[in-house]
Amino acid sequence: MPSAKSSAAERFEQAAAALGVDADIKRFPEGTRTAADAAAAVGCDLGQIVKSLVFECDGEPVLALTSGAERVDTSALGRLIGGIVTKASADTVKTATGYSIGGTPPFGHSNPLRTFIDASLLRYDIVWAAAGTPELVFALPSSDLARITSGAVAEFTIQQPPAPQPSHDG
């Protein structure tokens, strides 16, 4: 890690240490803001990227940890929680977690959040998640996600369609 750490990175490292997580943080200056960017930078399958997404259910921020290859089915998540689920604003994400969109880790938030873990993440032995900023990621065993987040593993996602491929018609 560079010597000039952001406060977000420092807060993440402290939270990881408090939970006994050995977070070997990797820095990618080109950024890992999207799941596709992170997978390309890390050199892993898109499904191994943990997206830490904040939603609101009847005004309560909730965290959905999903695979980079999946997207949240808000109706299914709402049925799990027992309410109407909507996407949280950037301000709500920052207030609820202490982190900005693109750098939100799966734990170490300013406020405790009800957390739901996409069952498809457990297909992978190792997953990668944001470590406080859009340039920082760390790997962890997927089997540790529920323990360190106190999250409930459930099915609430649908597979994202593959990205369109460029046409090579002559």
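That block above? That's the structure.
Since the structure is predicted, the reported quantities are computational estimates derived from the model, not experimental observations.

## Some remarks on the packing of aromatic side chains
Counted under the stated rule, the structure contains three aromatic pairs. Summarising the aromatic geometry, the rings of Phe 12 and Phe 107 are spaced 5.3 Å apart at their centres and angled 35° between planes, so their arrangement reads as tilted. You can see Phe 12 sitting in helix 1 (residues 7-18) and its partner Phe 107 sitting in the loop between helix 4 (90-97) and strand 6 (114-118), a full 95 residues away along the chain. Just as Phe 12 is buried, Phe 107 falls in that class too. Ring geometry for Phe 107 and Phe 138: centres 5.9 Å apart, planes at 80°, overall edge-to-face. Here Phe 138 lies in strand 8 (residues 136-141) and Phe 107 lies in the loop between helix 4 and strand 6, a separation of 31 residues in the sequence. When sorted by exposure, Phe 107 lands in the same class as Phe 138, which is buried.

## Focus: the environment of Val 127
Within the secondary structure, Val 127 sits in strand 7 (residues 126-130). Separated by 14 residues in the primary sequence, Val 127 and Pro 141 have C-alpha atoms spaced 6.2 Å apart. Aside from chain neighbours lying at most four places away, what touches Val 127 is Gln 48, Val 50, Leu 121, Phe 138, Ala 139, Leu 140, Ser 142 and Leu 145.

## Digging into the layout of surface pockets
Empty space within the largest pocket amounts to approximately 490 Å³. Together, 23 residues line the largest pocket, and Lys 51, Ser 52, Leu 53, Ile 101 and Gly 102 are the ones closest to its centre. Of all the secondary-structure elements, those providing two or more residues to the lining of the largest pocket are helix 2 (35-42), strand 2 (49-57) and strand 7. Here the lining of the largest pocket is built from residues that sort into 14 nonpolar, six polar and three charged.

## Quick notes on the pairing of strand 7
Every regular strand shows the same layout, with side chains that alternate between the two sheet faces. Most of strand 7 sits out of view: four of its five residues are buried. Where strand 7 meets strand 8, five bridges bridge the pair, whose relative direction is antiparallel. When the sheet's bridge partners are listed, Ala 130 is paired in strand 8 with Val 137. In textbook terms, the turn of a hairpin is the stretch between consecutive antiparallel strands, and for strand 7 and strand 8 this stretch comprises five residues, one of which, Gly 132, has a positive phi near 110°.

Conventions used here
Residues numbered from 1 in each chain as written. Predicted model: local features only at pLDDT ≥ 70, side-chain atom pairs only at ≥ 80, totals over all residues. Heavy atoms only, no water. Phe/Tyr/Trp six-rings, centres within 6.5 Å; stacked < 30°, edge-to-face > 60°. Helix = DSSP H or I, 4+ residues; strand = E, 2+ residues; numbered from the N terminus. Buried < 20%, exposed > 50% of the residue type's maximum accessible area, 1.4 Å probe, protein only. Contact = heavy atoms within 4.5 Å. 1 Å grid on protein atoms, 1.4 Å probe; cavity = no way out; pocket = protein on both sides within 12 Å on 5 of 7 lines; lining within 4 Å. Points joined across faces, edges and corners; volume = space filled by probe spheres on them. Nonpolar A, V, L, I, M, F, W, Y, C, P; charged D, E, K, R; others polar. Pairing = 2+ DSSP bridges.

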